[in-house]
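# Observations on the model geometry
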Amino acid sequence: MQKRARSEQLNLEWHNHRASRRRELLEQVQRHQLNEQGLEAGLAYQIVHDHLMLDGNARLNLATFVGTWMEPEGLQLMQECAEKNMIDKDEYPQTAELEERCLRILAHLWNSEDQEAAVGTSTTGSSEGCMLGGMVLKWHWRQRRREQGLDDQRPNLVMGTNTQVCWHKFCAYFDVEARQVPITPERLHLTGEEAASQCDENTIGVVGILGSTFDGSYEPIASMQACLDDLQERTGLDIPIHVDAASGGFVAPFASPDLAWDFRLPRVKSINASGHKYGGVLPGVGWVLWRNQSELPEELRFNVNYLGGEMPTIGMNFSRPGAQVVAQYFNFLHMGHEGYRQRMEILGAIACYLADAITQMPPLQLLSHPKDQLPVFAVKLDPTVSNWTVFQLSERLRIRGWLIPAYTLPPDCEQISVLRFVLRAGFTRDMADQLLDDLERAVDWFQHLPSPMPEPVLSECPFCH
């Protein structure tokens, strides 16, 4: 008995010592510089885990276009491939093969005239895809100008002010004039006539958006081509189109198969899309394709020979994750055409249901309806409402965990403030009903306010690929 009691006492002292030591370590943990001594893995995990507990619930995040849900089997594959670097094609030839299969599938999905002739690459997201697409447009324009003995120092790119911020970055980084067509309250995206009117001999191309980040609407890519065809007949200017299909590239082929926006249109030379948006993969993968080999100059393809073999590489980044590429192929294999069609049909139906119900709440007005576009829409307040704003409504909904961004529209429409709703895989009809209940309660609460509320501090809208 004495030995047992002694043993229990020693165990208690040991646990007390460890608990005391953990407390001492926690008190000594530095937040902004390295500690002299590291923590045991379990303790470090717990500190980080606890810190993240106040993050928002990703499933209730209707702000982002980026995927927040995948099938467990897809997540398992990502875990198994977490250490694979997509650039190491010689070391991971099977992963490289899956990347090539994905590119062929996308070439077929986007109606390439020759599936095998199309050329492209995976990227870290649509922003990188846009940079590559814009860079190739500039290269071709510059070569044509030099061959003709003309000045090549003043390139411009035509786009609407509704373009995602990555295009502004491209123009700043690559010294290209961003020739932006302002949106209006009646028209929230670029039209063909306006695009053609801005083109001149220094225009490297026109950017068409298949799924605006502001309201989910599709720009009329076929109309852009028709107007540019007319421009060429009148002036001789041959202006190509790059389609930024960051979101729509994985929606339109299934929800609007007859819509002409892709390689069916001869002026469309390149297309980018985000696999981690409606492609259904968690963050970290995008795609960019060119119509054929001649559209991607050899000078912009690079070979490296220090990874175990002669490896061709296209991209702004060198290293990039292989796990997301594997997950993209898993989605293609698991869902097939019919699975994607059903997913987009369901999301579209829920978006329409949600939008129609919101129109029954008198202070809220739709900017655009999600029918025949992305399952995305934006709402504004009736102009007669003066004692509260959509910014305050957004904050009120956060009480229930909903993350729904409020922001002002681009220049010439900045007087309009909106709430934007983005529906993605994992959002259900039950969740829509819960959101409607919470939204109705919040609106009712504001409607019964006796006096105006103070304005919150406005933050920038998080439009990222």
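The coordinates are above.
The structure contained in this document is the topic of the report that follows. (Residues numbered from 1 in each chain as written. Predicted model: local features only at pLDDT ≥ 70, side-chain atom pairs only at ≥ 80, totals over all residues. Heavy atoms only, no water.)

A tally of helices and strands in the chain yields 12 helices and 13 strands. Here the chain, with 465 residues, has 52% of them falling under the buried criterion. (Helix = DSSP H or I, 4+ residues; strand = E, 2+ residues; numbered from the N terminus. Buried < 20%, exposed > 50% of the residue type's maximum accessible area, 1.4 Å probe, protein only.)

Before going further, it helps to examine the pattern of salt bridges. Scanning all chains against the criterion turns up 25 salt bridges. Two residues, arginine 104 and glutamate 100, come together in a salt bridge whose shortest N-O distance is 2.3 Å. Placement of the pair is arginine 104 and glutamate 100 together in helix H4 (residues 93–109), with a separation of 4 residues, close to one helical turn. In this structure, aspartate 438 and arginine 400 form a salt bridge, with 3.0 Å as the shortest nitrogen-oxygen distance. One end of the pair, aspartate 438, is in helix H12 (residues 429–447); the other, arginine 400, is in the loop between helix H11 (390–398) and strand E12 (406–408), with 38 residues separating them in the sequence. On the accessibility criterion, aspartate 438 (6% relative accessible area) is buried. On the basis of relative accessible area, arginine 400 is assigned to the exposed category, the value being 53%. One connected set of salt bridges, linked through shared partners, spans Lys89, Glu99 and Arg320. (Salt bridge = Lys/Arg side-chain N within 4 Å of Asp/Glu carboxyl O.)

Next up on the list: the sheet that holds strand E5 (residues 241–244). Strands sit in the order E1-E7-E6-E5-E4-E2-E3 across an open sheet of 7 strands; the sheet is mixed. With one partner strand each, in any of the chains shown, strand E1 (119–123) and strand E3 (177–181) form the two edges of the open sheet. Neighbour-to-neighbour, the strand axes of this sheet turn through a mean angle of 20°, independent of strand direction. Where strand E6 (residues 268–274) lies against strand E7 (residues 286–290), 5 bridges are found, and the strand directions are antiparallel. Within E7, the residue paired with serine 270 across the bridge is tryptophan 290. (Pairing = 2+ DSSP bridges. Axes fitted to C-alpha atoms, helices over the stretch in contact; angles between N-to-C directions.)

Another point: the packing of aromatic side chains. Across all of its chains, the model carries 11 aromatic pairs by this definition. Seen from their ring centres, phenylalanine 254 and tyrosine 340 are 5.0 Å apart, and the 10° between their planes marks the pair as stacked. Residue phenylalanine 254 is found in helix H9 (residues 252–255), and its partner tyrosine 340 is found in helix H10 (residues 323–358); the two are separated by 86 residues along the sequence. The class of phenylalanine 254 is buried, set by a relative accessible area of 7%. Looking at tyrosine 340, the relative accessible area reads 2%, which means it is buried. Ring pairs connect the aromatic residues Phe250, Phe254, Phe332 and Tyr340, which therefore count as one cluster. Taking the ring centre of tryptophan 445 as reference, the NZ or CZ of arginine 396 above it sits at 3.9 Å. (Phe/Tyr/Trp six-rings, centres within 6.5 Å; stacked < 30°, edge-to-face > 60°. Lys NZ or Arg CZ within 6 Å of the ring centre and 35° of its normal.)

What follows is about the nonpolar core. Core analysis: the biggest nonpolar cluster contains 95 residues, and Leu393 and Phe421 have the highest contact counts within it. Tallying contributions element by element places H10 first for this core, with 16 residues. Other than its neighbours up to four places away in sequence, leucine 393 contacts Leu364, Trp388, Leu419, Leu439, Ala442, Val443 and Phe446. Cys130, Met131, Val207 and Ile209 belong to the second-largest nonpolar core, a separate cluster that totals 14 residues. (Core = buried A, V, L, I, M, F, W, Y, C linked by side-chain atoms within 4.5 Å. Contact = heavy atoms within 4.5 Å.)

Spatially, 4 strands are ordered E10-E11-E13-E12 in an open sheet, and the strand pairing comes out antiparallel. Bordering the open sheet on either side are strand E10 (364–366) and E12, each of which pairs with just one other strand. Ignoring which end each strand starts from, the neighbouring axes of this sheet average 40° apart. The sheet strands contacting H11 are E10, strand E11 (376–381), E12 and strand E13 (417–422), and the helix crosses E13 at an angle near 40°.

So, about the environment of glutamine 46. In this fold, glutamine 46 is placed in helix H2 (residues 41–51). Taking the C-alpha atoms as reference, glutamine 46 lies 34 Å from aspartate 88; in sequence the two are 42 residues apart.

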